[in-house]
Amino acid sequence: MSVLVYTENWDGKFKKLTFELVSYASEVAKMFNTSATALSIGKINESELKKLGDYGAGKIINIDNELLTTLDSQAYSYVISDIALKENASVIVISNNNTGKAIAPRLSVRLKAGVGSGVNKLPLKTSPFTVHKKTYSGNAFAHVIIKSDIRILTLTQNSFELIKTPNNASIEKADVTIDSSLVNTKVRDVMKQAGKILLTDADIVVSGGRGMKSPDNWVPLVELAEAMGGATACSRPVSDEGWRPHEEHTGQTGKIIAPNLYIAVGISGATQHLAGVSASKYIVAINNDKDAPIFEAAQYGIVGDAMKILPKLVEAVKNRK
Amino acid sequence: MKILVCISNVPDTTTKIKFNEGDTSIDTAGIQWVINPWDELSLTRALELKDDQSSGIKSVTVAHVGPATSEPTIRKALAIGADDAIRINSESSDAFFVAAQLAEVIKKEQFDIIFCGIESSDYNGSLVGGMIAEFLNIPSVSAVSDITIENGNPVIIREIDGGKEVISISVPFVAIVQKGIAKEPRIAAMRGIMMARTKPLKLFEPLPFESLTEIDVLEKPPKREACKFIDAENPGQLIVLLQNEAKII
């Protein structure tokens, strides 16, 4: 038996989230006295693939097939389930990002494997196999028993640390025969914004709410994010008003993020907003209303006028040693 | 073409979650039940498509797996504008069970586009839509933020890391929908509420599918430490604390 981890790549490169997944899968594998096998789909060079071994993968499988150049959830789950069976996997680990959400449910049906979706720590028990996950949008956590012989775990991003356990992993090029009738997603056009730190990848996020009063006031907020090497985000009213793009909306119905540091400026902290950011390791609140509920979720707070505080923070970040 | 919108019945987001004795389920007393937010947006977009006659969408049906107590939520969907509804008379034990039930009904009733919200705000599973598609062996597209019909063919916007893709796909398929699909959820008008009472609601009994997961116990999120306040006159102190105390920058 083995633990299979699906290691997504972006134009042939892995991200921190990939290494987090491999670290996690390797630790799960230890619970079963086995090692993790990583599966990557696409054109990736050997030196990049080898990096997966640094985080404990014992074996790395690479499939490069022209029918798999863009994500088709049906074709991808066919391929991943095929490898899972060949590798005799009893646990499959995938990210809980958009790709994982597209693939995991289909894999579940193919393999009759129960899914622990959005797990945020190692399995609590191997018998019965029990995982820990968020429910009620962060207002509760559940211990979920997965009863099937194969289990699929989708890992919440940034919920597990990177663990370097260098392994001289073998790299295997595998090939699969895919019936073209399984590939139905035809991508006609791609629109990408280049050069920006993605909100979902960022370790630090500076976010503004209605308390920012006007889109013109975002200048010092963006400056702070840039000075800290972070990304910018906003609350729902701000994106609904068109002050900031929809892609920045964090909250229950927007992006759900888990950075190391979330700085909420002029955000009151409604339940719906907290549902999207409550998994952040640290929350800082800056608000002129000392009774705003955001302070209950925050570890650090400043009560005052954001327009006076933000420039001073930018300065302090730039001057720090 | 016929659209099906799968809806889930969830506690209103502002609900304070309390557990029953034994912490294996939530205390439903006093809970206001609503249509899962993403399902409500899907329904809104489905109705917008139907309103545009050139789309060729003839009907919008909603389907739900739940006991009779969830009928007010189904009636609400009918009041918002769905033409008819399906209820599969069962508690929803897990995503695999729910998806299997819905897939069986879809086989019988035949739909062209099946909308599912990307997750439900209670279990946060993000599973049912993709599972239905695999049970039916039809395509699914996840993270859909827009859908239009061009000359009878669906065109989808899919959200990807740092961008969007324009995708064309043929029916039948499952669209797994996220924010952006509709601006605001459509609200039921008085006329809709009156009409909803007489709209058809078909009842199906569940088939004996198994569930693959079960909740062992629920727990409250860990309490965060009390907020440490920093003087607004000296915000630089925050950066010092983040660096030396929290050690995250």
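If you're wondering where the values come from, they're calculated on a predicted model, not measured in any experiment. Note that residues are indexed from 1 along each chain, following the sequence as it is written. To read the labels, note that chains go from A and ligands from 1, taken in the order they are written. A pLDDT threshold of at least 70 governs which residues receive local features in this predicted model, and a stricter bar of 80 or more applies before side-chain atom pairs are shown or counted, although totals over entire chains, interfaces and linings include all residues.

**So, the overall build of chain B**
Cut-off, in case you're wondering: Numbering of helices and strands starts at the N terminus; helices are DSSP runs of H or I of at least 4 residues and strands are runs of E of at least 2. In this scheme the burial state of a residue depends on its C-beta neighbours within 10 Å: 20 or more other such atoms mean buried, 12 or fewer mean exposed, and anything in between means partly exposed; the C-beta positions come from the backbone. Whether two residues are in contact depends on their C-beta atoms, placed from the backbone: they are in contact if these lie within 7 Å.
Regarding its fold elements, chain B presents six helices and 13 strands. C-alpha atoms of chain B, sized along the principal axes, occupy 65 × 45 × 40 Å. For chain B, the proportion of its 249 residues judged to be buried stands at 47%. Looking at chain B alone, contacts between residues at least 24 apart form 72% of all its contacts between residues at least 6 apart.

**Considering the nonpolar core**
Operational definition: By definition, a nonpolar core groups buried Ala, Val, Leu, Ile, Met, Phe, Trp, Tyr and Cys residues that connect through C-beta atoms lying within 7 Å of each other.
Formed by 124 residues in total, the largest nonpolar core has its most connected members in I92(A), V93(A), V5(B), A99(B), F115(B), I132(B) and A175(B). No other element matches the 10 residues that helix α3 (residues 95-109) of chain B contributes to this core. Those residues within four positions of A99(B) in sequence are excluded, and the remaining contacts are V128(B), M131(B), I132(B) and F135(B). Counting 50 residues, the second largest nonpolar core, distinct from the first, contains L224(A), V265(A), I283(A) and I294(A).

**Let's talk about the domain arrangement of chain A**
How we decide: For the purposes of this description, domain bounds are those given by an automatic or database domain assignment. Gly is placed with the polar residues, together with every amino acid not listed as nonpolar (Ala, Val, Leu, Ile, Met, Phe, Trp, Tyr, Cys and Pro) or charged (Asp, Glu, Lys and Arg).
The domains assigned to chain A are domain 1 (2-182) and domain 2 (204-319). Residues that form the side of domain 1 of chain A that touches domain 2 of chain A fall into these classes: no nonpolar, six polar and no charged.

**What about the interface of chain B and chain A?**
Interfaces are often described in size by the accessible area the parts lose on coming together. Counting residues at the interface gives 66 residues for chain B and 73 residues for chain A. Where the side of chain B that touches chain A is concerned, the elements lending two or more residues are α1 (37-51), α4 (128-136), β7 (140-150), β8 (153-160), β9 (163-168), β12 (213-219), β13 (228-229) and α6 (236-244) of chain B. No other element matches the seven residues that β12(B) contributes to the side of chain B that touches chain A. Of the residues assigned to the side of chain B that touches chain A, the class counts are 34 nonpolar, 18 polar and 14 charged.

**Thoughts on helix α2 (residues 71-80) of chain B**
Residue and element names in this part refer to chain B. Within α2, seven of the 10 residues are buried, which leaves it mostly tucked inside the rest of the structure. Considered for burial, the residues of α2 that qualify are T73, I74, K76, A77, L78, A79 and I80. Positive backbone phi, at 145°, marks G81, one or two positions downstream of α2.

**Examining the sheet that holds strand β13 (residues 231-234) of chain A**
Rules: Here, strands pair whenever DSSP counts at least two bridges between them.
Spatial ordering of the open sheet is given by β13(A)-β12(A)-β14(A)-β15(A)-β16(A)-β13(B), a layout of six strands whose pairing is parallel. Across the chains shown, the open sheet's two edge strands, defined by having one partner strand only, are β13 of chain A together with β13 of chain B. With four bridges joining them, strand β15 (residues 282-287) of chain A and strand β16 (residues 300-303) of chain A adopt parallel strand pairing. Among the inter-strand pairings, I286(A) is bridged to a residue of β16(A), identified as I302(A).

**Comments concerning the sheet that holds strand β4 (residues 59-65) of chain B**
Rules: Between N-to-C directions, angles cover 0 to 180 degrees, with each direction set by a line fitted to C-alpha atoms, over the stretch in contact for helices.
Taking strand neighbours across the sheet as the criterion, the 10 strands line up as β11(A)-β9(B)-β8(B)-β7(B)-β10(B)-β6(B)-β1(B)-β4(B)-β5(B)-β11(B) in an open arrangement whose pairing is mixed. Of all strands in the sheet, those bounded by a partner on one side alone are β11 (186-192) of chain A together with β11 (201-204) of chain B. For this sheet, the mean angle separating the axes of adjacent strands, direction not counted, is 30°. Of the pairings in the sheet, the one linking β7(B) to strand β10 (residues 173-177) of chain B comprises three bridges and is parallel in character. Along β10(B), the bridge assignment pairs V141(B) with A175(B). Along the sheet, helix α4 (residues 98-111) of chain A makes contact with β7 and β8 of chain B, crossing β7(B) at roughly 100°. Across the face of the sheet, α4(B) comes into contact with β1 (2-6), β6 (113-117), β7 and β10 of chain B while running at roughly 175° to β10(B).

**Observations regarding the confidence of the model for chain B**
Worth spelling out the cut-off: As a per-residue quantity, pLDDT reports the predictor's confidence and falls between 0 and 100.
With 100% of its residues at a pLDDT of 70 or more, chain B has an overall mean of 95. The complex prediction reports pTM at 0.94, with the ipTM value standing at 0.95.

**Overview of the packing of α4(A) against α4(B)**
Put simply, the rule is: Every angle not falling under 35 degrees, over 145, or within 65 to 115 is termed oblique; those three ranges are roughly parallel, roughly antiparallel and roughly perpendicular. In this scheme the handedness of a crossing depends on how the near helix is turned from the far one: anticlockwise by less than a right angle means left-handed, clockwise means right-handed.
Contact geometry of α4(A) with α4(B) gives a least axis separation of 7 Å together with a crossing angle of 45°. On the basis of their axis angle, the class for α4(A) and α4(B) is oblique. Pair α4(A) / α4(B) crosses with right-handed handedness. From α4(A), A102(A), P105(A), R106(A), S108(A), V109(A) and R110(A) reach across to α4(B), where they touch G129(B), G130(B), M131(B), A133(B), E134(B) and F135(B). Taken together, the residues of the contact of α4(A) with α4(B) sort by class into six nonpolar, three polar and three charged.

**Some remarks on the pairing of strand β5 (residues 84-88) of chain B**
Residues and elements named next belong to chain B. Worth spelling out the cut-off: By convention, a crossover is right-handed whenever its connection, traced from the first strand over the helix to the second and viewed with the strands pointing away, goes clockwise.
Judged by how many residues are buried, β5 sits mostly within the fold: four of five residues are covered. Once the chain exits β4 it traverses α2 before rejoining the sheet at β5, and the crossover so formed is right-handed. Here β5 runs beside β11; their pairing, made up of four bridges, is parallel. Residue I86 lies in a different strand from β11, and its bridge partner there is K202.

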